[in-house]
Each structure stands twice: as structure tokens, then as C-alpha cells.
Amino acid sequence: MESKTKKSEDADNKPVVVLKGPTDIQRLKLEKLMRNPNKEAFIPEKSKEKEPRAPHEFIRNVWGSSAGAGSGDFHVYRGVRRREYARQKFIDEKAEKTAKDQEYQKKIEQNQKAADERTAKKRAKRNKKKQKLKAKKSKPSEETTKKEENDDSEEEEDSDEEDEERSGQASDKQPTEQTGEGSDEERDIR
């Protein structure tokens, strides 16, 4: 008895909720679910499509509402006709659904292919940009090494020319200049 009184007291303490529309019903269902989040919620499975039964191979009463038909034959004819129309409608809907599914899959494949092409194009652009940056970064160091090589080769050529000039000047000049008292340019080179 005590359990009944406790329940009735709990029910008395709960405020009465007036439902104004479907949103309130949905809100109450969500609140009920969220009271105990550990409890699994029942999610119904999608109902299978009901496939109509196959048509009869041989229909005996085909009179319909024509003269000479009995009073119950029209109802039999009407039922057969209704089932056949339902079967044809089902076949048409199924064919339309498969056509739409195939079209959708084709569209997804086209979109995926287009996205892959765009990605490949952008990837190629990024790689090209990276290569240019690498080339720019390595170019100054290459240029400096080339400049150094060019400077070295020019210095070698200059030193060869200067040696020739010195040898030519040395023969023209007096012996005192050969001992180290030559022009300023010659002193800088030595």
C-alpha cells in the first residue's frame, strides 16, 4: 500500500503539461529519452516493401458487369482488377526507383570524378609552385657558386694577363723596379 501512496504523491507533485501541438509531444518524448541517457532507445526498422502476390494464371469469371453475370461476379472481377492494377503500379514504381538509383549513382560517380580532377589540378599547381620556390631558393646559392666559379676563372684570366704584363713591363723597366719598388698596381697584386 505504501508504494501506491508514494506513486500517487509523485503524480500529484508533477505539473500538468498541456500539449499545444506536435512540437510539445516531440519535446516530451525527447525529455523522456534524456532522463535516462544510458537506456537504449527503440528505433524501429524500416518496413519492408510489401510485394503484391502474383496474378492468377487463369481467371474463370471474366464477365465483369456484363449481362448474364451473377450478382457476386462483379465483386470478384473488381477485386481481381484492383489487385492487377496494384501489381502493375508496384512494378512501375520499382522500375522508376531503380532508374533513379542508377541515375543517382551515375551522378555521384561523375561528381567524384570531377572532384578528383580538380584535386589533381590543384595538386599539380601546388607542386609546380613548390618547385619554383625550391628553384628560387637554390638559385641564389647556385648563382653564388657560379659567380664564385666565374670570379675564379676571371681571376685566373686576369692573373695570366697580369703575369704577361709584368713580364713585358719587367723587361722595359730598370732592375730596381724588379726588386719590389714597382707601381702601386703591381704591389697590390703581389
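Keep in mind that this is a model prediction, so the values were computed, not measured.

1. Concerning the overall build of the protein chain
In terms of regular secondary structure, the protein chain is built from five helices and zero strands. Start at the N end of the protein chain and walk to the C end: the helices and strands fall as α-α-α-α-α. When the 190 residues of the protein chain are sorted by exposure, 5% land in the buried category. Excluding contacts between residues fewer than 6 apart, the proportion of contacts in the protein chain whose partners are at least 24 apart in sequence is 37%.

2. Side note on the side chain of D24
Topologically, D24 is positioned in helix 2 (residues 22-35). A residue is classified by how much of its surface remains accessible, and D24, at 13% relative accessible area, is buried. Excluding anything up to four places from it in sequence, D24 contacts V18 and L19.

3. Some points on a positive patch on the surface
Residues R118, K121, K122, R123, K125, R126, K129, K130 and K134 make up a contiguous surface patch of positive charge. Take R123: it is sitting in helix 3 (residues 73-172).

4. Looking at a nonpolar patch on the surface
Nonpolar side chains collect at one region of the surface, where V17, L19 and I25 lie side by side and expose about 240 Å² of accessible area between them. Mapped onto the elements, I25 comes out in helix 2.

5. Structural notes on the confidence of the model for the protein chain
Chain-level statistics for the protein chain give a pLDDT mean of 77 and a share of 61% at 70 or above. For the protein chain, the element scoring lowest by mean pLDDT is helix 4 (residues 175-178), at 50; helix 2 scores highest, at 90.

6. A word on the pattern of salt bridges
Using the criterion set out here, one finds four salt bridges in the structure. Note that K100 and E96 form a salt bridge whose closest N and O atoms lie 3.5 Å from each other. Placement of both K100 and E96 in helix 3 is noted, with a separation of four residues, approximately one turn of the helix. If you follow the salt bridges from partner to partner, you end up with D24, R27 and E31 in one network.

What counts and how
Counting of residues starts from 1 at the beginning of each chain's written sequence and follows it residue by residue. At least 70 in pLDDT is required for a residue's local features to be given in this predicted model, at least 80 for side-chain atom pairs to be given and counted, and no such filter applies to totals for whole chains, interfaces and linings, which use all residues. Values shown for side chains rest on all heavy atoms present in the structure; no hydrogens or waters enter the calculation. Helix numbers and strand numbers start at the N terminus; a helix is a DSSP run of H or I with at least 4 residues, a strand a run of E with at least 2. For every residue, the accessible area (1.4 Å probe, protein chains only) is compared with the maximum for its type, and the residue is labelled buried under 20%, exposed over 50%, or partly exposed between those bounds. Only heavy atoms enter the contact rule, under which two residues are in contact if any of them lie within 4.5 Å. For patches, a residue must show more than 30% relative accessible area and have no salt bridge; joins then use 9 Å for like charges and 5 Å for nonpolar side chains, namely Val, Leu, Ile, Met, Phe, Trp and Tyr. Using the Shrake-Rupley algorithm and a 1.4 Å probe, accessible areas are obtained, with residue cover drawn only from the displayed protein chains. One side-chain nitrogen of Lys or Arg within 4 Å of one carboxyl oxygen of Asp or Glu is enough to make a salt bridge. Residues counted as positive are Lys and Arg, residues counted as negative are Asp and Glu, and His and the chain ends are not counted. The atom standing in for a charge is NZ when the residue is Lys, CZ when it is Arg, CG when it is Asp and CD when it is Glu. Known as pLDDT, the predictor's per-residue confidence is scaled from 0 to 100.

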